[in-house]
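A closer look at the structure
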Amino acid sequence: MTRPYQSTVPAGRAGFAQLLHAEWTKFRTDRGWMIGLAAVAVATVLMSLLSAAGQQRQCQGGCPSTPVGPAGEPVTDAFYFVHQPLAGSGGITVRVTSMTGLIPSVADVVGRPLASVGRDGEPLRDAQPALQPWAKAGIIVAASTELGSPYAAVMVTGGHGVRMQYDYTHDTAGAAGPISPASPRWLRLTRAGDTLTGSESADGVDWREIDTVRLAGLPATVEAGLFVTSPEFAEVNRRLPFVTFSSDRPTQATGVFQDVVLQGAWPGAGWSGDDLGVPNEGYPAIGGGFHQAGAVLTVSGSGDIAPAVGVDGVGRTIDDSLAGVFAGLIVAIVLGALFITAEYRRGLIRTTLAVSPRRGRVLAAKAIVVGSATFVAGLAGAALSVVLGEQVLRANHNFIYPSSALAELGVIVGTAGLLAVAAVAALAVGAMLRHGAGAITAVFVAIVLPFYLVLPALPDDVGRWLMRVTPAAGFSIQQVLPEYPQVNGPYTPASGYYPLPAWAGFAVLCAYGAIALGLAVLLLRRRDA
Amino acid sequence: MNEPSIAVLGLRKRFGSMLALDGVSFTVRPGEVTGFVGPNGAGKSTTMRVILGLDTADEGSALICGRRYRDLPRPLCHVGALLDAGALQPGRSGRNHLLWLAHSQGLRARRVDEVIDQLGLGSAARRPAGGYSLGMRQRLGIAAALLGDPPVLVLDEPFNGMDPEGIVWMRGFLRSLAAQGRAVLVSSHLMSELQDTADHLVVIGRGRLVADTTVAELIAGVSGGQVTVRTSAQRQAMSVLAGAGAAVAAVASDTLTVSGLDSERIVAVLSGNGLPFAEVSARRATLEEAYMELTREAVEYQAR
């Protein structure tokens, strides 16, 4: 009997680290994979730049700047202001007895400068009576009449009761319920140094404080008085199955104030009225006016004092410089799926599994390799897209929403994560289906389709639901704009608003990826290679 | 007695309605080339995949030196396998293919260059594998199987696509591997490829073991005592031999095949009757014929 052969190779290990090294060597040494990887970054950047280049803002006589609030955020600052200077501490008390609203007809608006429509009580032909829920009438103390200046205000609203708001983004609720001559509301706003206190009363006797706020750096003399404004009305028409038309129409509100009581030093010569911020860039607002009859002041106004919402009209976000992510995503899906289905096609999977009989580990190693490689490529693609895309957008006169470096970094890293998880999910589906085209289609339908194709055509509720429960929730990582309950805005994914916070949306995508990977491991273990 | 390098015991496997393996058992011993022969579709590749832990058998077991394949800590250093020489990523060079295999087993890159030299791949190893001829791919596959310098080799149809020169080389190479004490299991659907190569033969047909024997025994078993006689007096010879109790058949104008009498008796009968003969030879079956004989029953898709 022959003596069995003794292997002469030095001792070594065939553990997970070696498997990882092997899979990385596989990835690195096939030109196809490296080209695919580069394509992830290049496709992202090219499509992003192409999209950014197409976003031209054209304005006659130069584009007006978008007003920016005290915190640097873009704001809508359009209202009718009946004001006079207040020196030092003091306050205003007033009774609001009525609030009504109008939506001008198309004939009222077309072909006329918006600022002249409805000006000084000019009657609006065929206007439809309708009070906007976020129409506002009340008292305001502002640092100045400059757009975007710091302020605090107490007000009654069309449908949200009494509120105290300041510096555009802050909102505190007071008593609920509508007002009428039979059920008026007393409002009071007092200033003491930097501190402003808003109070309300149903009878002028029992007062309740709504909120006390600090406006740091308020000048000694401020502009204070009464204001009325009424936000845009979004009219949505669904005429064709896949096309939605919506038009934003200006509205006007009228508030009736009685028995204005002033405290403190008011050095001016009585009330003066100004239409502030009308016309506002990108925000539909018409003119307003006021008249005084004895103790009764009637004020009409249009616009809003609020954070700017609705990307299309006002500005661009980091989202707009990352429009090419979908192209990178498709390449990442293809890369992830083929990384395993190509082995099935060539029969190489048998070599792979014979070399590493622990199949779960094989898939884990492949996932780590293709995931990390895609992450790095995605990082490069997203970073370049943001940096270059913002330059292109600015060159096209677009207003870019300011965002912190940290927030931008978050979106860039999140985008890379989105691409990486998509590649891993595609790998898992590829291992399940063992067929490249099938796997690519399945993952594309699951992640990309809901977002890019179906979403804009679906009712908002369905779209938001899809963005919570489908893998497309992962796109939430691109969310940079906060939603404001006090603004009735187009909070749709298409406008850059996602129903889930960034991390939660990403977690939904990761959960899908993990489930797919788990199923793939199960099948890989059970099936013959 | 040494433990067998490969022990296959009672493998049964069904693919849908087809019984691919129906109780296959055999062993492969160190220092021998074991030929694993059978027609296409007989179950050779399935058996090999089960040995390598790629397919799971419904029943039975396959052990490598007493262990299941999946329990081998560093499989390539125990068993080298060539299943499908075409299983290559065309864009990757042969050397890089060997490199990832080496990395997976914690082997150094130097080992890759050693097997490249051993198989004479030379500079071709740095070209994309997509451009390799089938013969080149077979060599690369053998190189991959030898990477871990394993004591056991499992090679599925390594002669496929090789030119005659390559086949001669491969035979010698397999013999040299066995001479080193390795156990070599080589499958083929052509018995002739294994002539002068295999020490031991495992013949399989329709998922069943047909023979498990040595080459010499197999040939002897099939030759069945036929004798060829060349004679110018064909007619007379036929009649006297038949008269002596033999079954005689004329295969050419001067050639007879005689069975039922051995050579010595035939010479005596012919000489006794004064008949001329040019040659009396016990006919030795070729391995191929022996194999055909054996697998006639087992061939699944027999030509009609």
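Look above for the structure.
Presented here is a report on the structure given in the accompanying data block.

Reading guide: rules and limits
Residues numbered from 1 in each chain as written. Chains lettered and ligands numbered in written order. Predicted model: local features only at pLDDT ≥ 70, side-chain atom pairs only at ≥ 80, totals over all residues. Heavy atoms only, no water. Helix = DSSP H or I, 4+ residues; strand = E, 2+ residues; numbered from the N terminus. Rg over C-alpha atoms; globule rule 2.2 N^0.38 Å. Buried < 20%, exposed > 50% of the residue type's maximum accessible area, 1.4 Å probe, protein only. Contact = heavy atoms within 4.5 Å. Areas by Shrake-Rupley, 256 points an atom, 1.4 Å probe, with all protein chains shown as cover. Lys, Arg positive; Asp, Glu negative; His and termini not counted. Charge placed at Lys NZ, Arg CZ, Asp CG, Glu CD. Pairing = 2+ DSSP bridges. Axes fitted to C-alpha atoms, helices over the stretch in contact; angles between N-to-C directions. Buried area = accessible area lost by both parts, 1.4 Å probe. Salt bridge = Lys/Arg side-chain N within 4 Å of Asp/Glu carboxyl O. Core = buried A, V, L, I, M, F, W, Y, C linked by side-chain atoms within 4.5 Å. Expected span 1.5 Å × (residues − 1). Polar contact = N/O pair within 3.5 Å; in protein donor to acceptor, adjacent residues only side chain to side chain. Parallel < 35°, antiparallel > 145°, perpendicular 65-115°, else oblique. Left-handed = near helix turned anticlockwise from the far one by under 90°. Nonpolar A, V, L, I, M, F, W, Y, C, P; charged D, E, K, R; others polar.

1. Let's talk about the overall build of chain A
- Secondary structure assignment for chain A yields 11 helices and 18 strands.
- On C-alpha atoms alone, chain A measures out to a radius of gyration of 30 Å, which is more than a quarter above the 24 Å that the 2.2 N^0.38 rule sets for 529 residues.
- By principal-axis analysis of the C-alpha atoms, chain A measures approximately 125 × 45 × 40 Å.
- Across the 529 residues in chain A, those meeting the buried criterion constitute 53%.
- Restricting to contacts in chain A with at least 6 residues of sequence separation, those with at least 24 account for 75%.
- In the structure as shown, chain A presents an accessible area of about 21500 Å², 61% of it carried by carbon and sulfur atoms.

2. Remarks on the overall build of chain B
- When its secondary structure is counted, chain B shows 9 helices and 13 strands.
- Judged by the C-alpha coordinates and their principal axes, chain B covers about 75 × 45 × 45 Å.
- Relative to its full complement of 304 residues, chain B shows a buried share of 52%.
- Here the analysis covers contacts within chain B between residues at least 6 apart in sequence; of these, 68% occur between residues at least 24 apart.
- For chain B, the computed accessible surface area is about 12900 Å², with 49% contributed by carbon and sulfur atoms.
- Charge centroids of chain B, computed over 31 positive and 30 negative side chains, lie 6 Å from each other.

3. Here's the deal with the sheet that holds strand β11 (residues 247–252) of chain B
Residues and elements named next belong to chain B.
- Strand order in the open sheet made by the 4 strands is β11-β12-β10-β13, with antiparallel pairing throughout. The sheet is open, and its two borders are formed by β11 and β13 (279–282), each paired with just one other strand. Sheet twist, expressed as the mean angle between neighbouring strand axes with direction ignored, is 25°.
- As defined by bridge partners, strand β10 (residues 226–230) adjoins strand β12 (residues 255–259) across 5 bridges and the pair is classed as antiparallel. Bridged to V229 within β12 is L256.

4. Thoughts on the pairing of strand β8 (residues 200–205) of chain B
Residues and elements named next belong to chain B.
- Within β8, 6 of the 6 residues are buried, leaving the element largely enclosed by the surrounding structure.
- Residues H200, V202 and I204 of β8 are buried on one face, and the alternating residues L201, V203 and G205, pointing to the opposite face, are buried as well.
- Note: β8 against strand β9 (residues 208–214), 6 bridges, orientation antiparallel. Looking at the pairing, I204 lines up with L209 of β9.

5. A look at the sheet that holds strand β3 (residues 33–37) of chain B
Residue and element names in this part refer to chain B.
- One open sheet accounts for 6 strands, arranged β5-β6-β7-β3-β8-β9; its pairing is mixed. Each of the sheet's edge strands pairs with one partner strand only, and the pair in question is β5 (79–82) and β9. Across this sheet, the average inter-strand angle for adjacent strands is 15°, counted without regard to direction.
- Note: strand β6 (residues 152–156) against strand β7 (residues 183–188), 5 bridges, orientation parallel. Bridging across to β7, V154 finds its partner in L185.
- Packed onto the sheet, helix α1 (residues 44–51) meets β3, β6, β7 and β8 and runs at close to 150° relative to β7.

6. Re the interface of chain A and chain B
- Listed by partner, the interface residues are 37 residues for chain A and 47 residues for chain B.
- Together chain A and chain B conceal approximately 3500 Å² of surface at their shared face, both sides included; 59% is due to carbon and sulfur atoms.
- Remark: the boundary between chain A and chain B carries 1 salt bridge.
- Taking the shortest distance from any N to any O, the salt bridge between D528 of chain A and K13 of chain B comes out at 2.8 Å.

7. Things to note about the nonpolar core
- Ranked by size, the top nonpolar core spans 90 residues in total, and within it F27, L329 and F475 of chain A together with I6 of chain B carry the most contacts.
- If you tally residues by element for this core, the top one is helix α8 (residues 405–433) of chain A, at 14 residues.
- One finds L99, L147, M162 and Y291 of chain B within the second-largest nonpolar core, a separate group that totals 57 residues.

8. Here we look at helix α1 (residues 16–29) of chain A
- With 14 residues, α1 of chain A should reach 20 Å at 1.5 Å per residue; the first-to-last C-alpha distance of 20 Å fits that figure.
- Buried residues of α1 of chain A: Q18, L19, A22, E23, T25, K26, F27 and T29 of chain A, and no others.
- Against the buried residues of α1 of chain A lie α2 (31–54), α5 (325–346), α6 (348–355) and α7 (359–395) of chain A together with α2 (94–104) of chain B.

9. With respect to the environment of A332 of chain A
Residues and elements named next belong to chain A.
- Counting through the fold element by element, A332 comes out in helix α5.
- On the basis of relative accessibility, which here comes to 0%, the residue A332 falls in the buried class.
- Each residue touching A332, except ones within four places of it in the same chain, is listed here: V40, T374, L419 and A423.

10. Quick notes on the side chain of T229 of chain A
- Tracing the chain through its elements places T229 of chain A in strand β11 (residues 221–229).
- Separated by 2.8 Å, the side chain of T229 of chain A and the backbone oxygen of A78 of chain A make a polar contact.

11. Notes on the side chain of S476 of chain A
Residues and elements named next belong to chain A.
- Here S476 lies in the loop between α10 (460–469) and α11 (502–526).
- By relative accessible area, S476 is classed as buried at 0%.
- At 2.6 Å, the side chain of S476 and the backbone oxygen of A473 are in polar contact.
- With near-sequence residues (within four places) excluded, S476 lies in contact with Y498, L500, P501, A502 and G505.

12. A short note on the packing of helix α7 (residues 234–243) of chain B against helix α8 (residues 263–272) of chain B
All names here are of chain B.
- Where α7 contacts α8, the axes come no closer than 10 Å and their chain directions differ by 120°. As the angle between them shows, α7 and α8 are arranged oblique. The element α7 and its partner α8 pack so that their crossing is right-handed. Note on element contacts: α8 touches α7 through I266, V269 and L270, opposite A237, V240 and L241.
- Among the residues making up the contact of α7 with α8, the classes are represented as 6 nonpolar, no polar and no charged.

13. Section: the pattern of salt bridges
- Under the defined criterion, the tally for this structure stands at 24 salt bridges over all chains.
- When the shortest N-O distance is used, the salt bridge between R214 of chain A and D194 of chain A registers 3.4 Å. Pair noted here: R214 of chain A is in strand β10 (residues 208–214) and D194 of chain A is in the loop between β8 (185–192) and β9 (195–201), with a separation of 20 residues, a long-range link.
- Across the salt bridge formed by D55 of chain B and R49 of chain B, the nearest N and O atoms sit 2.9 Å from each other. R49 of chain B matches D55 of chain B in its accessibility class, with the two residues each being buried.
- Connected through shared salt-bridge partners, E23, K26, E343 and K366 of chain A make up one network.

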